Amino acid sequence: MPTRYTNLPPIPNLPWEEPPAGSNSVIWRYSKNPVIPRNLIPRANSIFNSAVIPFRGEFAGVFRIDDTRRVMNIYRGFSKDGLAWNIDHQPIQFLCDDPEIGRFQYRYDPRVCWCEDRYWVTWCNGYHGPTIGIGYTYDFEAFYQIENAFLPFNRNGVLFPRKIRGKYAMFSRPSDNGHTPFGDIYYSESPDMVHWGHHRWVLGPGTWCYTKVGAGPTPIETSEGWLLIYHGVLTSCNGFVYSMSAVLLDLEQPWKVIYRAAPYLLSPQMLYECVGDVPNVVFPCAALVDGATGRMAIYYGAADTVTAMAFTHVDDLVDWVKTEAIRD
Ligand code: BMA
């Protein structure tokens, strides 16, 4: 029986490509990957872990760009079809009431989430160490920054698209100040996007990701639970390998895992995923679902260098998670 994917509006112009002939994989890559080259704008060293969202019948995005000074920042972009992007040549300038919070150190790995009345942007924000920065925009013209969600050290702040139990809800991944060799996903709630509590453990490492895990795109609400795509890291003798997989979480208590797929869903195997500034990385930050068809387009950073896409169908991905599930 098809999954009921709830609260998801149609996206008639969602980027889409049928699976390659003969493929029986639940997920397949865009044949013209990478969709965004590393040098789309002047002085970009790399354009990768980035988030995209439908906006006024087209698409808007917040892009991680490391420039040729290796300054890490986030940039705004627009696209008619989700494939060809116009990205600003200057980073987003956030308006912030408190200069201490608004002062830039570094920004990276953005996510964008529509919740209630505006587009929320979360990112890894330098504030005496990495933590979760939060901002919002109504129109992708003016961007406002509010308090950091947590103390350092934390990364991978991912908001829910609706309130849970009457509160805003977010995943995050407490970490350290470097290339963290550990990390579990936690869940937190807030009445106002400023004060966060009710912290709950969600998910820890697994076989293909025995080092650490972190939430990826905004979770997708389905009749079977919240579908969360996440990245996970294995430490090989040659360094970290970043892959992605998915879990289904309880709709009203999303820290409770219902099904967790045992294998990875997508791992670095193509040249643009295996070769780049950081080899062997796929890092998803957005997954858009067309509510009319259930088609899903996933945007992911590849090798910390370019942005790539993969496609699946929400029903098939939910079935895959259940079929491949382990209980832990
Ligand atoms: C993480 C973050 C990501 C990056 C990944 C692989 O710690 O810095 O932005 O994609 O490492 O280098």
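Below, the structure is looked at part by part. (Residues numbered from 1 in each chain as written. Predicted model: local features only at pLDDT ≥ 70, side-chain atom pairs only at ≥ 80, totals over all residues. Heavy atoms only, no water.)

A word on the packing of aromatic side chains
Piece 1. Per the counting criterion, the structure on display carries 27 aromatic pairs.
Piece 2. Residues Phe160 and Phe171 carry aromatic rings whose centres are separated by 4.8 Å and whose planes lie at 45 degrees to one another, so their mutual orientation is tilted. Separated by 11 residues along the polypeptide, Phe160 in the loop between strand 12 (154-159) and strand 13 (168-174) and Phe171 in strand 13 bring together distant segments of the chain.
Piece 3. In this structure Phe160 comes out as buried when scored by relative accessible area, which is 1%.
Piece 4. On the basis of an interplanar angle of 70 degrees and a centroid distance of 6.2 Å, the ring pair of Phe240 and Tyr242 is categorised as edge-to-face.
Piece 5. Residue classification places Tyr242 among the buried positions, given a relative accessible area of 14%.
Piece 6. Through successive ring pairs, a cluster of aromatic residues spans Phe55, Phe78, Phe94, Trp114, Tyr119, Trp123, Phe140 and Phe143. (Phe/Tyr/Trp six-rings, centres within 6.5 Å; stacked < 30°, edge-to-face > 60°. Helix = DSSP H or I, 4+ residues; strand = E, 2+ residues; numbered from the N terminus. Buried < 20%, exposed > 50% of the residue type's maximum accessible area, 1.4 Å probe, protein only.)

Describing the pairing of strand 3 (residues 51-55)
Piece 1. In terms of residue burial, strand 3 counts as a mostly covered element, since four of its five residues are buried.
Piece 2. The sheet contact formed by strand 3 and strand 4 (residues 58-67) spans five bridges and is antiparallel. Among the inter-strand pairings, Phe55 is bridged to a residue of strand 4, identified as Glu58.
Piece 3. What sits between the antiparallel neighbours strand 3 and strand 4 is a turn of two residues, in which Arg56 has the positive phi angle 50 degrees. (Pairing = 2+ DSSP bridges.)

Notes on the side chain of His313
Piece 1. The residue His313 is located in strand 23 (residues 306-313) in this model.
Piece 2. Accessibility expressed as a relative area gives 18% for His313, which makes it buried.
Piece 3. Side-chain polar atoms of His313 contact the backbone oxygen of Thr293, separated by 2.5 Å.
Piece 4. Filtering out sequence-adjacent residues up to four positions away, His313 remains in contact with Tyr5, Thr293, Gly294, Arg295 and Met296. (Polar contact = N/O pair within 3.5 Å; in protein donor to acceptor, adjacent residues only side chain to side chain. Contact = heavy atoms within 4.5 Å.)

A short note on the site of the ligand
Piece 1. In the neighbourhood of the ligand, the contacting residues comprise Asn49, Arg64, Tyr108, Asp109, Tyr242, Val278, Val281, Phe283 and Asp304.
Piece 2. Here an oxygen atom of the ligand and a side-chain polar atom of Tyr242 are 2.9 Å apart.
Piece 3. Take Asp304: an N or O atom from its side chain is 2.6 Å from an oxygen atom of the ligand.
Piece 4. In isolation the ligand has 310 Å² of accessible area, and contact with the protein removes 86% of it. (Near = heavy atom within 4 Å. Areas by Shrake-Rupley, 256 points an atom, 1.4 Å probe, with all protein chains shown as cover.)

Quick look at the sheet that holds strand 12
Piece 1. Strand order across the open sheet formed by four strands is 12-13-14-15, with antiparallel pairing between neighbours. Two strands lie at the open edges of the sheet, namely strand 12 and strand 15 (197-203), each paired on one side alone. Along the sheet, successive strands turn relative to each other by an average axial angle of 25 degrees, direction set aside.
Piece 2. With four bridges connecting them, strand 14 (residues 185-190) and strand 15 associate as antiparallel partners. Note that in strand 15 the partner of Tyr187 across the bridge is Arg200. (Axes fitted to C-alpha atoms, helices over the stretch in contact; angles between N-to-C directions.)

Remarks on the nonpolar core
Piece 1. Counting 36 residues, the largest nonpolar core has Val52, Phe63, Ile65, Trp85, Ile87, Val112 and Phe140 as its most contacted members.
Piece 2. Elements with a contribution of two residues or more to this core: strand 2 (44-47), strand 3, strand 4, strand 5 (72-79), strand 9 (118-126), strand 21 (282-289), strand 22 (295-302) and strand 23.
Piece 3. Considering each element in turn, this core owes the most residues, five residues, to strand 4.
Piece 4. Not counting residues up to four positions away in its chain, the partners in contact with Phe63 are Ile36, Ile47, Ser50, Val52, Asn73, Ile74, Tyr75, Arg76, Gly77, Trp85, Ile87 and Pro110.
Piece 5. Core analysis: the second largest hydrophobic core is formed by 28 residues, Val282, Ala287, Tyr300 and Ala308 among them. (Core = buried A, V, L, I, M, F, W, Y, C linked by side-chain atoms within 4.5 Å.)

As for the state of the cysteines
Piece 1. All told, the structure shown has zero disulfides when counted by the stated rule.
Piece 2. With no disulfide of its own, Cys113 lies 5.7 Å from the sulfur of Cys115, the closest cysteine sulfur. (Disulfide = S-S within 2.5 Å.)

A few points about the sheet that holds strand 8 (residues 107-115)
Piece 1. Read across the open sheet, the five strands follow the order 7-11-10-9-8; overall the sheet is mixed. The two strands at the open ends of the sheet, each matched to only one other strand, are strand 7 (94-95) and strand 8.
Piece 2. Where strand 9 and strand 10 (residues 130-137) come together, eight bridges link them in antiparallel fashion. Within strand 10, the residue paired with Tyr119 across the bridge is Thr137.

Considerations on the pattern of salt bridges
Piece 1. Taken as a whole and judged by the stated rule, the model has 16 salt bridges.
Piece 2. Across the pair Glu116 and Lys163 runs a salt bridge, and its minimum N-O distance is 3.6 Å. Here Glu116 is found in the loop between strand 8 and strand 9, whereas its partner Lys163 is found in the loop between strand 12 and strand 13, with 47 residues between them in sequence.
Piece 3. Here the salt bridges share partners, and the residues they tie into one network are Arg38, Arg70 and Asp277. (Salt bridge = Lys/Arg side-chain N within 4 Å of Asp/Glu carboxyl O.)

Details of the pairing of strand 5
Piece 1. For strand 5, the buried fraction is high: six of the eight residues fall into the buried class.
Piece 2. Pairing analysis gives eight bridges linking strand 4 to strand 5, with the strands arranged antiparallel. Its bridge partner being in strand 5, Arg64 is matched across the sheet by Ile74.
Piece 3. Hairpin connection of strand 4 to strand 5: four residues between the antiparallel strands, including Arg70 at a positive phi of 65 degrees.
Piece 4. As judged from the two bridges shared by strand 5 and strand 6 (residues 86-87), these two strands associate in the antiparallel manner. Note on strand 6: the bridge partner recorded for Gly77 is Ile87.
Piece 5. What sits between the antiparallel neighbours strand 5 and strand 6 is a turn of six residues, in which Gly82 has the positive phi angle 80 degrees.

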